[in-house]
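Each chain is listed here by its residues.
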Amino acid sequence: DVWVAGKLVDSTETPFGIRTFEFTANDGFHLNGRRVQLHGACLHSDLGPLGMAFNTRAMERELQIMQDMGVNAVRTSHNPPAPELLDLCDWMGIVVWDEAFDKWDGTATLPKGVSIPEHGKKQYTNFVRRDRNHPCVVVWSVGNEIWDLEGLKYPDAPGLLKTMVGFVKALDTTRPVGLAQCVPESAKSQLPAALDVAGWNYARRYAISRERWPNLPIIYSESASAFSTRGYFDDFPMPAKKDDYPSAARISSYDHNSAWYSDPADVEFALMEQDRFVAGEFVWTGFDYIGEPVPFIAEGWGHFTKRKLAKAEESRISSFGIVDLAGIPKDRYYLYRSHWAPEKKTIHILPHWNWPERFGKNVPVYVYTGGDSAELFLNGKSLGMRTKNPNAEVVRDRYALRWLDVPYKPGEVKAVAYQNGHKLGSAVMRTAGEPAKLRLAPDRKSLKADGEDLSYVLVEAVDLDGNLCPLAMNNVKFKLEGDATIAGVGNGDHHFPAEFKADHVTLFYGKAILIVRAAEGKGGSIRVTATSDGLRKAEVSLRSRKGGNS
């Protein structure tokens, strides 16, 4: 409050939270007196089909999807986030690695003629002053993969890092300051002396830091960098190596592929169980994002590929995400969920079961579950029990259950999961018939009539019995009636050929998303109709309310 001559002339409210936390060198991260393993995700700032303009509901949905998977931490990669993201994390109980820069050069919008410290001081001051009242923030990061710094190419690189860290500490001494590093040899220098925590990206590069600086806490600031395409499996035989990519410019959803410098999810799980001194990991990335469509890039990122790949020039969306650009979970989502949130009793079967061209040939079947074992049935016949082996030489068998020699026959695949001999539940995958009708499933039916609130409507093609048609690529057209507009469409295809704001979308392996925006006004009923040639149309009713809660 500001008072002048006994009169209140200005007032503002700032929410804050009370918590204790500590990063330790030997026992990871502690929150409110207990150890908490950070199950983190790096999130880019775009919001999929909506682009870069921030929308609170869109980000809330992203965080809800991540939290359901078991995420309890977010890394803002690699720039300060919209302040509303921090508001959401405060309320949702998600801790944040708050990052200021990706590099310190032109990537950090360094003006010509301005020194790195001068520019850094200005940006860090704005960054810390804006965010320091948010209890969710537990780490300030002064940057990501600053090659010239880690390579000691800057004059007095350790002194420069100490100066940049000092700008942050001058404004907040209640949180540790870190740096996301990627050059292991830099741990042999004096750079780490300036840091409160050491962030390391990929492939257990933190090992040298642990050896040279045993009293410095470590965070796995970037892990995995795995690739997959939602719904895609047509890549037999399976890749022999993690960076053996198919020529079709799509990556199998069996979850075996990653970048050459990183590892698939299960390898990182094993590291985090082995190295309990590490506070946890931040997976690259929670969601696919626009741009950086490795490994399918025609020029400029040649180290990702050993050959020019088909249709590489058409790729415009990353494939790192655990969730696709439209917000539809990939199979990998359920692998993370089974390990990070076993209490949710995940039972997930892959792949789909529509393989007419492989009749009688083997189709590997995987089950992701929080249970320790499962029995698989094909058309009612048991194919045997599998049990996770925590000491398996093939790391995948520690976290997933696999039947590698299932001869394809159309019908029903069923998995019954167990924990310590007690049945957890079951899941079924059925062979779908021809696409017969559309199905609409909105994530919310009640919206605020404020011009910003959104409903994400899942669009699917199903057969006459309601089974998802996993190979459907039908074009779907939308019609809205009422006080609403189409905010965007998407399907998760890395080569999405259309505009994101349109009244139509092509299904990608049976699914797509329509984003409906409630108009600002009096509110009322909203009718969504989806049509596609040869399929029965689908309709769903939404409602917007002026001044009401969504």
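See the structure above.
So, here is what we can say about the structure in this document. (Residues numbered from 1 in each chain as written. Predicted model: local features only at pLDDT ≥ 70, side-chain atom pairs only at ≥ 80, totals over all residues. Heavy atoms only, no water.)

1. Comments concerning the overall build of the protein
For the record, the criterion: Starting at the N terminus, helices and strands are each numbered in turn, a helix being any DSSP run of H or I of at least four residues and a strand any DSSP run of E of at least two. C-alpha atoms define the radius of gyration in this analysis, and the globule rule sets the expected value at 2.2 Å times the number of residues to the power 0.38. Whether two residues touch is decided by their heavy atoms; if any such pair falls within 4.5 Å, the residues are in contact. Computed by Shrake-Rupley with a 1.4 Å probe, the accessible areas treat only the displayed protein chains as cover when residues are assessed.
Looking only at helices and strands, one finds nine helices and 29 strands in the protein. Relative to a compact globule of 550 residues, whose C-alpha radius of gyration would be 24 Å, the protein shows 25 Å and is just as compact. Along the first, second and third principal axes, the C-alpha set of the protein runs to 70 × 60 × 50 Å. Long-range pairs, those at least 24 residues apart, make up 67% of the contacts in the protein with a sequence separation of at least 6. Just so you have it, the protein exposes about 23,400 Å², and 50% of that area is on carbon and sulfur atoms.

2. Some thoughts on the packing of aromatic side chains
How we decide: Aromatic rings from Phe, Tyr and Trp, with only the six-membered ring used for Trp, were paired whenever their centres fell within 6.5 Å, and each pair was classed as stacked if the ring planes differed by under 30 degrees, edge-to-face if by over 60, and tilted otherwise. The buried label goes to any residue with under 20% of its type's maximum accessible area, the exposed label to any with over 50%, and the partly exposed label to all in between, with areas taken from a 1.4 Å probe on protein chains only.
Applying the stated criterion to the full structure yields 27 aromatic pairs. Summarising the aromatic geometry, the rings of F269 and Y399 are spaced 5.3 Å apart at their centres and angled 70° between planes, so their arrangement reads as edge-to-face. Taken together, the residues F269 in helix α7 (residues 265-274) and Y399 in helix α9 (residues 396-399) connect sequence positions 130 residues apart. One exposure class covers both F269 and Y399, and it is buried.

3. Let's talk about the sheet that holds strand β14 (residues 347-350)
For clarity, the cut-off: We treat two strands as partners when DSSP finds at least two bridges between them. Here an axis means a line fitted to C-alpha atoms, over the contact stretch when the element is a helix, while the angle between two N-to-C directions is reported on a 0 to 180 degree scale.
Sheet architecture is open: three strands sit in the order β14-β15-β18, paired in antiparallel fashion. With partners counted over all chains shown, the strands left at the sheet margins are β14 and β18 (401-403), one partner each. Sheet twist, expressed as the average angle between the axes of neighbouring strands with direction ignored, equals 15°. The sheet contact formed by strand β15 (residues 365-369) and β18 spans three bridges and is antiparallel. Bridged to V365 within β18 is W403.

4. Describing the pairing of strand β25 (residues 484-490)
The buried fraction of β25 amounts to six of the seven residues, a majority that puts the element mostly inside the structure. Bridge count for β25 against strand β27 (residues 511-518) is six bridges, and the pairing is antiparallel. Bridge pairing in β27 places A484 opposite A518.

5. So, α7
Burial within α7 is extensive, with seven of its 10 residues counted as buried. Listed as buried for α7 are A265, D266, E268, F269, A270, L271 and M272.

6. A short note on a nonpolar patch on the surface
What counts, and what does not: Patches here are clusters of residues that have more than 30% relative accessible area and form no salt bridge, with a 9 Å joining cutoff for like charges and a 5 Å cutoff for nonpolar side chains (Val, Leu, Ile, Met, Phe, Trp, Tyr). Think of a salt bridge as a Lys or Arg side-chain nitrogen and an Asp or Glu carboxyl oxygen that are within 4 Å of each other.
On the surface, a nonpolar cluster with roughly 240 Å² of combined accessible area is contributed by V2, V4 and V9. Checked against the element boundaries, V9 lands in strand β2 (residues 7-10). Accessibility expressed as a relative area gives 49% for V9, which makes it partly exposed.

7. Section: the pattern of salt bridges
Within this structure, the stated rule accounts for 26 salt bridges. Between D266 and R396 there is a salt bridge; the shortest N-O distance is 2.5 Å. Of the two residues, D266 is situated in helix α7 and R396 in helix α9; the sequence distance between them amounts to 130 residues. Note on accessibility: D266 and R396 belong to one class, buried. Here E452 makes a salt bridge to R517, at a shortest N to O gap of 3.8 Å. Residue E452 is found in the loop between β22 (446-448) and β23 (454-462), and its partner R517 is found in strand β27; the two are separated by 65 residues along the sequence. On the basis of relative accessible area, E452 is assigned to the partly exposed category, the value being 42%. When salt bridges with common partners are traced through the structure, they connect R57, E60 and D443 into a single cluster.

8. Here we look at the sheet that holds strand β13 (residues 278-284)
The strand order β6-β7-β8-β9-β10-β11-β12-β13 describes a closed barrel built from eight strands, whose pairing is parallel. Between one strand axis and the next, the sheet turns by 25° as a mean value, whatever way the strands run. Pairing of strand β6 (residues 38-43) with β13 involves four bridges; the strand directions are parallel. Bridge pairing in β13 places G40 opposite F282.

9. Some details on the packing of helix α1 (residues 56-69) against helix α2 (residues 83-92)
For any two helices packed against each other, one specifies the inter-axial angle together with the distance between the axes. The test is simple: In this scheme, roughly parallel covers angles under 35 degrees and roughly antiparallel covers those over 145, while 65 to 115 is roughly perpendicular and the rest are oblique. In this scheme the crossing of two helices becomes right-handed for a clockwise turn of the near helix relative to the far one and left-handed for an anticlockwise turn of less than a right angle. Lys, Arg, Asp and Glu make up the charged group, whereas Ala, Val, Leu, Ile, Met, Phe, Trp, Tyr, Cys and Pro make up the nonpolar group; the residues left over, Gly among them, are polar.
Put simply, α1 and α2 touch, their axes get as near as 10 Å, and they point 40° apart. The angle between α1 and α2 falls in the class oblique. For the crossing formed where α1 meets α2, the hand is right-handed. On the side of α1, the interface is formed by T56, M59, E60, L63, Q64 and Q67, while α2 contributes E84, L85, L88, C89 and M92. Residues belonging to the contact of α1 with α2 are distributed by class as follows: six nonpolar, three polar and two charged.

10. Here we look at the pairing of strand β21 (residues 437-442)
Sheet faces and side chains relate simply in a regular strand, where the side chains alternate between the two faces. Only one face of β21 is buried: it carries L438, L440 and P442, and the other face, with K437, R439 and A441, is open. Alignment of β21 against β23, held across six bridges, turns out to be antiparallel. Residue pairing in the sheet places L440 in a bridge with V459 of β23.

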